[in-house]
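This is what each chain is made of:
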Amino acid sequence: MSKFKAYGDWVAVKTTFKEEHVTEAGIVYKDDLPDNMMTWSEVVSLGEDAQRYYDIKVGDHVLWKYGSDPGSYYKDGDDSLDLVRVHNLLAVKTPHEVG
């Protein structure tokens, strides 16, 4: 992902969904997003406007509503990033606050 760079007011985030689970019957499933579709994601890249006007840095975790910018993502093999406009971010936690 080091070659990927967001532009303008876009923020590239890596969203980690909950782990896979296997039932006793051998059915594999992943936990889904909560009903409100809010999720915390790690900031991977920031566009120039997002860096200049907002107090967000690479490595911070941001709260946003999944699907707020539909169809905005980057995928390269197994790696994928969601692209979110900075004004769609709801909260930020710095790395020492994450837990």
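The preceding data block contains the structure.
Procedures and definitions
- Residues numbered from 1 in each chain as written.
- Predicted model: local features only at pLDDT ≥ 70, side-chain atom pairs only at ≥ 80, totals over all residues.
- Heavy atoms only, no water.
- Phe/Tyr/Trp six-rings, centres within 6.5 Å; stacked < 30°, edge-to-face > 60°.
- Helix = DSSP H or I, 4+ residues; strand = E, 2+ residues; numbered from the N terminus.
- Buried < 20%, exposed > 50% of the residue type's maximum accessible area, 1.4 Å probe, protein only.
- Lys NZ or Arg CZ within 6 Å of the ring centre and 35° of its normal.
- Pairing = 2+ DSSP bridges.
- Axes fitted to C-alpha atoms, helices over the stretch in contact; angles between N-to-C directions.
- Salt bridge = Lys/Arg side-chain N within 4 Å of Asp/Glu carboxyl O.
- Core = buried A, V, L, I, M, F, W, Y, C linked by side-chain atoms within 4.5 Å.
- Contact = heavy atoms within 4.5 Å.

## Quick notes on the packing of aromatic side chains
Link 1 in the chain: Going through the model one piece at a time under the given rule, you end up with two aromatic pairs.
Link 2 in the chain: Their ring planes at 40° and their centres at 4.5 Å tell us that Phe 4 and Tyr 74 sit as a pair that is tilted. Here Phe 4, found in the segment before β1 (10-14), pairs with Tyr 74, found in strand β6 (residues 73-76); they are 70 residues apart in sequence, far enough to count as distant.
Link 3 in the chain: Its relative accessible area of 28% is what places Tyr 74 among the partly exposed residues.
Link 4 in the chain: Judged by centre distance (5.6 Å) and plane angle (45°), the rings of Trp 64 and Tyr 66 are tilted.
Link 5 in the chain: Directly above the ring of Trp 40 sits Lys 93, whose terminal nitrogen or CZ lies 4.2 Å from the centroid.

## Re the sheet that holds strand β8 (residues 89-93)
Link 1 in the chain: Read across the open sheet, the six strands follow the order β6-β7-β1-β4-β5-β8; overall the sheet is antiparallel. Edge strands, defined here as strands with exactly one partner in the open sheet, are β6 and β8. This sheet shows a mean twist of 40° between the axes of neighbouring strands, independent of strand direction.
Link 2 in the chain: Pairing geometry for strand β5 (residues 61-65) and β8, over four bridges, is antiparallel. The residue of β8 that forms the bridge with Trp 64 is Leu 89.

## Quick word on the pattern of salt bridges
Link 1 in the chain: According to the stated counting rule, one finds three salt bridges in the structure shown.
Link 2 in the chain: A salt bridge links Arg 52 to Asp 49; the nearest nitrogen and oxygen atoms lie 3.3 Å apart. In this pair, Arg 52 and Asp 49 both sit in helix α1 (residues 48-53), three residues apart, roughly one turn of the helix.
Link 3 in the chain: Residue Arg 52 is classed as exposed on the basis of its relative accessible area, which comes to 53%.

## Concerning the nonpolar core
Link 1 in the chain: Core analysis: the largest hydrophobic core is formed by eleven residues, namely Val 11, Val 13, Val 43, Leu 46, Ala 50, Ile 56, Val 62, Trp 64, Val 84, Val 86 and Leu 89.
Link 2 in the chain: Secondary structure elements with two or more residues in this core: β1, β4 (38-46) and β5.
Link 3 in the chain: In contact with Val 43, not counting residues within four places along its chain, are Val 11, Ala 12, Val 13, Ile 56, Lys 57, Val 58, Gly 59, Asp 60 and Val 62.
Link 4 in the chain: Formed by five residues, the second largest nonpolar core is a distinct cluster that contains Phe 4, Ala 12, Leu 81 and Leu 83.

## Description of the environment of Val 84
Link 1 in the chain: Following the sequence through the fold, Val 84 ends up in strand β7 (residues 79-85).
Link 2 in the chain: Residue Val 84 is classed as buried on the basis of its relative accessible area of 0%.
Link 3 in the chain: In this structure the C-alpha to C-alpha distance between Val 84 and Leu 46, which are 38 residues apart in sequence, comes to 9.9 Å.

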